[in-house]
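Residues per chain, in single letters:
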Amino acid sequence: MQSTNGGAALVIAAVVVGLVVRRQLRTRRVRRNGSLIAPAVLGVLGAVGLAFGVASVVKYHPLTTLSVVLLVISLAVAAGFGVVRARTVRVWHEPEGEVMRKGSAATTGLWLASVGVHAGLGLWIDHAAGAGMLGTASLYAYLAIGLGTQNLVVRGRAAAL
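Describe in detail the overall build of the chain, supporting the description with residues and values.
Per the secondary structure count, the chain includes six helices and three strands. Ordered by position in the sequence, the α and β elements of the chain form the string α-β-α-α-β-β-α-α-α. The globule rule puts the C-alpha radius of gyration for 161 residues at 15 Å, and the 17 Å found for the chain is close to it. Considering the chain as a whole, with its 161 residues, one finds that 40% of them fall into the buried category. Sequence-distant contacts in the chain: of pairs separated by 6 or more residues, those separated by 24 or more amount to 81%.

Break down helix α2 (residues 37-58) for me, citing the residues and quoting the values.
Between its terminal C-alpha atoms α2 stretches 32 Å, which fits the 32 Å expected from 22 residues at 1.5 Å a residue. Where α2 is concerned, the buried positions are Pro 39, Leu 42, Gly 46, Gly 49, Gly 53, Ser 56 and Val 57. Down the axis of α2, the buried side of the element spans an arc of 95 degrees, and every buried residue falls inside it. Exposed residues pointing more than 90 degrees away from the buried face of α2 are listed as Ile 37, Val 44 and Val 48.

Can you tell me about the layout of surface pockets, naming the residues and giving the values?
In this structure, the second largest pocket encloses a volume near 230 Å³. Among the secondary structure elements, those contributing two or more residues to the lining of the second largest pocket are α1 (3-24), α2 and α6 (139-160). Looking at the lining of the second largest pocket, the element that brings in the most residues is α1, giving five residues. Among the residues forming the lining of the second largest pocket, the class breakdown is eight nonpolar, four polar and three charged.

The rules behind each value
- Residue indices begin from 1 for each chain and proceed along its sequence in written order.
- Where totals are concerned, whole chains, interfaces and linings use all residues; where local detail is concerned, this predicted model gives features only for residues with pLDDT of at least 70, and gives and counts side-chain atom pairs only at 80 or more.
- As a rule here, side-chain values cover all heavy atoms of the structure and leave hydrogens and water aside.
- Secondary structure elements follow DSSP: runs of H or I of four or more residues count as helices, runs of E of two or more count as strands, with numbering from the N terminus.
- In this treatment the radius of gyration is a C-alpha quantity, and the globule benchmark scales as 2.2 Å times the residue count to the 0.38 power.
- Note on exposure labels: buried denotes an accessible area under 20% of the residue type's maximum, exposed denotes more than 50%, and partly exposed covers the range between, all computed with a 1.4 Å probe on protein chains only.
- Residue contacts are counted whenever heavy atoms from the two residues lie within 4.5 Å of one another.
- Given the number of residues in a helix, its expected span is that number minus one, multiplied by 1.5 Å.
- The reported arc concerns the directions from the helix axis to the C-beta atoms and nothing else.
- In this analysis the probe radius is 1.4 Å and the grid spacing 1 Å, with only protein atoms considered; a cavity is a set of points the probe fits into but cannot get out of, a pocket is an open set with protein on both sides within 12 Å along at least five of seven lines, and lining residues have an atom within 4 Å of a point.
- Grid points are joined across faces, edges and corners, and a volume is the space filled by probe spheres set on the points.
- When residues are grouped by polarity, Ala, Val, Leu, Ile, Met, Phe, Trp, Tyr, Cys and Pro land in nonpolar, Asp, Glu, Lys and Arg in charged, and all others, Gly among them, in polar.

Okay, structure coming up:
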C-alpha cells in the first residue's frame, strides 16, 4: 500500500471518528432502532476492513496465533470502552415524555482514549502478524463494536427510566 493511500485512509478514519464523537455531544432522542444504524454501517465497513487486513497478511504468510488473539482482545477492549462511555452519557425524560441523551466531556475523553488504545493495539497486531495491515484495517470493526455496545447500554438505561 502506498503512503498516499495510507494517508487518505487515515484522514477518512479521522473524519469518521470525528463525526461519531460530534454526534455523541448533541442532544438527541433515544430511539428504538436509530442508535443501531451507525454501528451496523460501521460493522459492514469493519467486516470489509477485516477481510482486507487478513488478505494483506496471508498474501505473505499465515496468520499468527498472537495476531488473532490480539485482534480479539482489541475488539473486547472496544466493547469495554463502550460500556464505560455509556455511563458518561446523560439520559433523561423531557416533560413531553421523550427520553433524551447527550454525551459529556468525559464521553469525548473516553472516545479519544479508545481510539488511542486501538492505535496502539493495531500497531501491536500488525507487528505480531509480521506483514500486512490487519490491526490498522480493524478500526471500523473496533468502532462498530464500541459504539454498538455503548448504544445498547444507553438504550437499556433509557428503558429503565
